[in-house]
Amino acid sequence: MITWTSLLYILATFVLPQNTAGSDSELAYCDFSKIKPGRFGDYSEKGFPEYHYVPRHFTDGWDIVNNRGPEEWIIVESDGKHSLQYLGYNNTVWTSEFIYPILCYGDLLWKDYTLEVTLTPADRSDLNGIIFRYRDGRHYYLFGLDKDNKVTLRYRDGEKDFRKDGWHELARGSYPTDPMKSYKMQVETAGAKIRCLIDGKEIFNVTDSRYSGGKAGLFATSPVFFHDVRVTTSKRAKDEYLAEKSALAAQLKALQAENPKPMVWKKISTKGFGAARAMRLGDLDGDGSLDFLIVQNMPFFGSNYNQITCLTALDNDGKMLWQYGKPDPDHAWLTYDVAVQIHDLDGDGKTEVIMAQGQWIKVLEGLTGKEKARYPVPSSEILPGETSWLEYKHYYRRDLLPYLNVDCFSFADLRGTGKPNDVIIKDRHTRLWAYTNDFRLLWTASANLGHFPFFHDSNKDGRDEIYIGYTKFDPDGKIIWSLDSLMGEHSDGVCVGDFSISGKPDKVFVGGSDDGVLLLDDSGKILKHHRVGHAQTPSVGQFRPDIPGLELCNINFWGEPGLITLYDCDGEEITNFELIHSGSPVQPVSWRGDGTEFIFLTPNHAEGGLVDGWGRRVVMLPDDGHPDLAWMVHDITGDPRDELIVWDTESIWIYTQDRPFTGSKVYKPVRPSLYNESNYATVFSWPF
């Protein structure tokens with residue numbers, strides 16, 4: 001029986017190798033002959049894939065699962081034949097005990113099959129082998145050649161604890177090999193029965209039902225050469241697989257037909273001054289419509305610092321309002337936040353642009369870009385009693401310069417004025433400073449901050465509390481509670497509110513990087529802790545209208561990028577799916593306007609789209625040459641469904657729906673304020 005849950009399988013399936021054989025029993029065959037010699041799967045364009053879409057060079061259907069550690073996959077030609085060689089040593093990197101170089105291909109719908117891989121074990125100092133019944137980068141079976149001439153059959157089930165892998169060994173034995181010879185490793189699966197062979201000799205014959213089907217893959221942590229891969233099954237099983245795949249594809253097509261299609265509303269050229277995901281929206285010219293601020297920056301100190309070099313302001317039609325600095329195409333790229341926002345800082349009804357540049361915080365007129373005021377940034381000195389910086393000195397030290405390299409700006413109401421005009425600035429992860437809107441220092445404090453704060457008046461006294469990292473500060477900068485001593489990494493995002501939308505107490509949703517996902521009560525008590533890997537971007541929306549309350553979403557990045565997990569308002573896992581092996585801001589999209597929201601995966605016409613809460617690509621962007629490097633959503637046309645804003649360094653395209661809303665009332669959720677934009681801000685969507 002075909003279910004909507006199983007429909008995500010077909011959506012997670014990428015193109016099979018182009019040299020797939022067409023026999024009655026063969027599912028796939030690859031000898032790597034279609035891939036040109038050289039580095040395998042390098043990125044084909046610039047960009048940082050944490051929150052950009054960056055395509056890879058042709059890989060013949062293979063997906064590179066992991067992005068931490070050596071990426072030493074190479075295609076080598078010898079005597080007219082190609083082999084895929086892994087020429088790295090994973091044990092030389094600090095992530096070696098919980099992240100591994102993996103490739104996968106095939107279909108999650110594959111169930112019972114035989115996987116045969118011919119390989120040369122050039123080095124037996126670590127674990128190499130073949131993967132079967134792959135579900136995602138954290139869940140699969142492995143038949144491997146281990147160090148000390150051991151051979152192992154095991155499955156991976158996430159992780160046991162912080163950076164402690166969830167291996168479960170099913171069988172172990174010995175099998176010496178010659179580093180100059182090739183061997184055929186073979187796995188046969190039939191229901192819960194698993195049979196493993198090398199050169200036709202049975203090594204293991206076990207029963208285990210942990211995973212019932214999934215893709216095939218390759219696993220390497222020391223030098224090993226893969227020559228060919230073949231996946232076969234019975235004719236009956238292949239016919240059943242193809243029928244199920246076809247039926248699910250037809251159902252998906254019907255789902256897509258029910259939704260409005262993206263239609264180009266506007267195109268704006270940014271050639272010469274464009275940027276990656278460093279754009280702000282706001283009403284710069286005071287005409288009531290949203291304008292664009294394009295931000296270029298120059299990284300230094302290993303890209304851990306950056307300085308804004310050029311701002312370009314465009315009106316709603318793409319006409320240049322002003323430019324501050326000199327544009328340079330080489331300064332279009334970024335790997336962190338940029339310290340700039342659009343906000344009515346002085347409360348006069350006109351917006352300003354607030355930016356940090358070198359030793360100064362500068363306030364510019366939104367309409368003209370002329371400087372109104374400037375204020376010195378604080379000293380970068382490590383203050384007495386401050387310890388959190390020690391965690392990050394290996395890749396970020398704020399005192400490499402005598403002044404603070406400001407990481408970001410955010411705005412809140414700390415003094416109870418009724419306006420969010422108090423300013424928070426911070427370094428990368430360790431200290432924040434609070435100012436009035438004319439930059440008189442209110443206080444400074446230190447903690448394991450993570451990236452970007454979330455503001456919420458939790459006690460209803462008219463003043464915002466600050467939730468950042470694993471810490472809650474009161475409006476005067478005093479710590480109310482902190483989980484820093486319990487966590488091993490920084491937090492990548494946080495959101496607070498009544499996710500049940502039924503009057504229950506507030507809860508705190510945290511994407512805790514290598515600490516996974518946490519749901520806390522507002523006193524800091526851990527209610528749920530899911531070790532899902534490196535939980536990167538969190539978002540909150542009405543992704544599953546069949547489930548009470550709002551749904552909490554996160555996507556993994558470092559380690560096994562692209563794994564998306566949904567939770568209900570109480571933090572219970574609903575589902576997970578892995579559609580790409582990359583990051584994404586996973587922003588909620590009110591596309592239909594009826595109260596059901598989608599997740600904006602990427603703008604790429606083949607690998608992206610809008611995904612529903614079951615993991616189905618229900619809206620695809622057309623193959624019309626649009627830019628797909630970066631994206632965000634916002635109501636631009638005023639109907640008030642979301643538009644899709646997609647761009648690269650040369651143009652911005654805006655898509656709207658190809659049909660009008662036909663219901664009685666358009667759903668208009670409350671979203672984060674545009675003056676608190678960040679690559680790390682949790683995008684929430686409150687239905688009131």
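Since the structure is predicted, the reported quantities are computational estimates derived from the model, not experimental observations.

## Some points on the overall build of the protein
Phase 1: Helix and strand content of the protein: two helices and 48 strands.
Phase 2: For 688 residues, the compact-globule estimate of 2.2 N^0.38 gives 26 Å, and the protein sits close to it at 26 Å.
Phase 3: Projected onto its principal axes, the C-alpha coordinates of the protein cover approximately 80 × 60 × 50 Å.
Phase 4: A sequence separation of at least 24 residues applies to 58% of the contacts in the protein between residues at least 6 apart.

## Here's the deal with the pairing of strand 20 (residues 305-314)
Phase 1: Most of strand 20 is tucked away: nine of the ten residues are buried.
Phase 2: Where strand 19 (residues 291-300) folds back onto strand 20 in an antiparallel hairpin, the turn is made up of four residues, including phenylalanine 301, whose phi is positive at roughly 50°.
Phase 3: Note that strand 20 and strand 21 (residues 320-325) share five bridges and pair antiparallel. Its bridge partner being in strand 21, leucine 311 is matched across the sheet by tyrosine 324.
Phase 4: Two successive antiparallel strands, strand 20 and strand 21, enclose a turn made up of five residues, where glycine 318 displays a positive phi of approximately 90°.

## Re the packing of aromatic side chains
Phase 1: Enumeration according to the criterion identifies 35 aromatic pairs in this entry.
Phase 2: A network of ring pairs unites the aromatic residues Phe32, Trp62, Tyr105, Trp110 and Tyr113 as a single cluster.
Phase 3: Directly above the ring of tryptophan 167 sits arginine 154, whose terminal nitrogen or CZ lies 5.0 Å from the centroid.
Phase 4: Here the guanidinium or amino end of lysine 267 rests over the ring plane of tryptophan 653, the centre of that ring lying 4.1 Å away.

## Brief notes about the side chain of aspartate 474
Phase 1: Tracing the backbone through its elements, the reader meets aspartate 474 in the loop between strand 32 (471-473) and strand 33 (479-482).
Phase 2: An unpaired buried charge is present at aspartate 474: no salt bridge exists, and lysine 478, the closest side chain of opposite charge, is 5.7 Å distant.
Phase 3: Side-chain polar atoms of aspartate 474 contact the backbone nitrogen of aspartate 476, separated by 2.8 Å.
Phase 4: With residues near it in sequence (within four places) discarded, aspartate 474 still touches Trp443, Glu465, Ile466 and Ile480.

## Details of the domain arrangement of the protein
Phase 1: Segmentation of the protein into domains returns domain 1 (24-256) and domain 2 (259-687).
Phase 2: The centre of domain 1, based on its C-alpha atoms, is set 36 Å off from the matching centre of domain 2.
Phase 3: Residue-level contacts link 30 residues of domain 1 with 45 residues of domain 2.
Phase 4: It is Glu50, Tyr51 and Tyr53 in domain 1 that bury the most area against domain 2; as a group they hold 26% of the surface buried on that side.

## Comments concerning the sheet that holds strand 41 (residues 573-578)
Phase 1: Here we have four strands laid out as an open sheet, ordered 38-39-40-41, and antiparallel in their pairing. One side of each edge strand has no neighbouring strand; the edge strands of this open sheet are strand 38 (535-541) and strand 41. Here the strands of the sheet are splayed against their neighbours by 20° on average, with no regard to which way each runs.
Phase 2: Two elements, strand 40 (residues 563-567) and strand 41, share five bridges in a ladder whose sense is antiparallel. Among the inter-strand pairings, leucine 566 is bridged to a residue of strand 41, identified as threonine 575.

## Looking at helix 2 (residues 235-258)
Phase 1: Its 24 residues give helix 2 an end-to-end C-alpha distance of 35 Å, which sits within 8% of 34 Å, the value for a rise of 1.5 Å per residue.
Phase 2: Of all the positions in helix 2, only Lys238, Tyr241, Glu244, Leu248, Leu252 and Leu255 are classed as buried.

## A short note on the environment of leucine 127
Phase 1: Along the chain, leucine 127 falls in the loop between strand 7 (114-120) and strand 8 (128-136).
Phase 2: Look at leucine 127 and you get buried, because its relative accessible area is 6%.
Phase 3: Taking the C-alpha atoms as reference points, leucine 127 and glycine 166, separated by 39 residues in sequence, lie 15 Å from one another.

## Looking at the sheet that holds strand 46 (residues 630-634)
Phase 1: Spatially, the four strands line up as an open sheet ordered 17-48-47-46, and their pairing is antiparallel. The open sheet is flanked by strand 17 (262-269) and strand 46, the only strands paired with a single partner. Pairwise comparison of adjacent strand axes, ignoring direction, gives a mean angle of 20° for this sheet.
Phase 2: Here strand 47 (residues 643-647) pairs with strand 48 (residues 651-657) via four bridges, running antiparallel. Paired with leucine 644 across the two strands is tyrosine 655, which belongs to strand 48.

## Some remarks on the nonpolar core
Phase 1: Counting 48 residues, the largest nonpolar core has Phe32, Phe143 and Phe226 as its most contacted members.
Phase 2: Top contributing element to this core by residue count: strand 16 (residues 224-232), with four residues.
Phase 3: Of all hydrophobic cores here, the second largest spans 34 residues; its members include Leu290, Ile308, Tyr324 and Ile636.

## Topic: the state of the cysteines
Phase 1: Overall, the coordinates contain zero disulfides when judged by the stated rule.
Phase 2: No disulfide involves cysteine 495; its nearest neighbouring cysteine sulfur is the one of cysteine 553, lying 12 Å away.
Phase 3: When its relative accessible area of 0% is taken as the criterion, cysteine 495 is described as buried.

## Observations concerning the pattern of salt bridges
When charged atoms on two side chains of opposite charge get close, those side chains can pair.
Phase 1: Counted under the stated rule, the structure contains 43 salt bridges.
Phase 2: A salt bridge links arginine 230 to glutamate 26, with the nearest nitrogen and oxygen atoms 2.4 Å apart. Of the two residues, arginine 230 sits in strand 16 while glutamate 26 sits in strand 1 (residues 26-30), which places them 204 residues apart along the sequence.
Phase 3: The class for arginine 230 is partly exposed, based on a relative accessible area of 31%.

## Focus: unusual backbone geometry
Phase 1: Between aspartate 639 and proline 640 the backbone carries a cis peptide bond, its omega angle lying at 0°.
Phase 2: Within the secondary structure, proline 640 sits in the loop between strand 46 and strand 47.
Phase 3: Phi is positive for valine 586, close to 40°, though the residue is something other than glycine.
Phase 4: Summarising the element assignment, valine 586 is placed in the loop between strand 41 and strand 42 (587-589).

Rules used throughout
Residues numbered from 1 in each chain as written. Predicted model: local features only at pLDDT ≥ 70, side-chain atom pairs only at ≥ 80, totals over all residues. Heavy atoms only, no water. Helix = DSSP H or I, 4+ residues; strand = E, 2+ residues; numbered from the N terminus. Rg over C-alpha atoms; globule rule 2.2 N^0.38 Å. Contact = heavy atoms within 4.5 Å. Buried < 20%, exposed > 50% of the residue type's maximum accessible area, 1.4 Å probe, protein only. Pairing = 2+ DSSP bridges. Phe/Tyr/Trp six-rings, centres within 6.5 Å; stacked < 30°, edge-to-face > 60°. Lys NZ or Arg CZ within 6 Å of the ring centre and 35° of its normal. Lys, Arg positive; Asp, Glu negative; His and termini not counted. Salt bridge = Lys/Arg side-chain N within 4 Å of Asp/Glu carboxyl O. Polar contact = N/O pair within 3.5 Å; in protein donor to acceptor, adjacent residues only side chain to side chain. Domains from an automatic or database assignment. Buried area = accessible area lost by both parts, 1.4 Å probe. Axes fitted to C-alpha atoms, helices over the stretch in contact; angles between N-to-C directions. Expected span 1.5 Å × (residues − 1). Core = buried A, V, L, I, M, F, W, Y, C linked by side-chain atoms within 4.5 Å. Disulfide = S-S within 2.5 Å.

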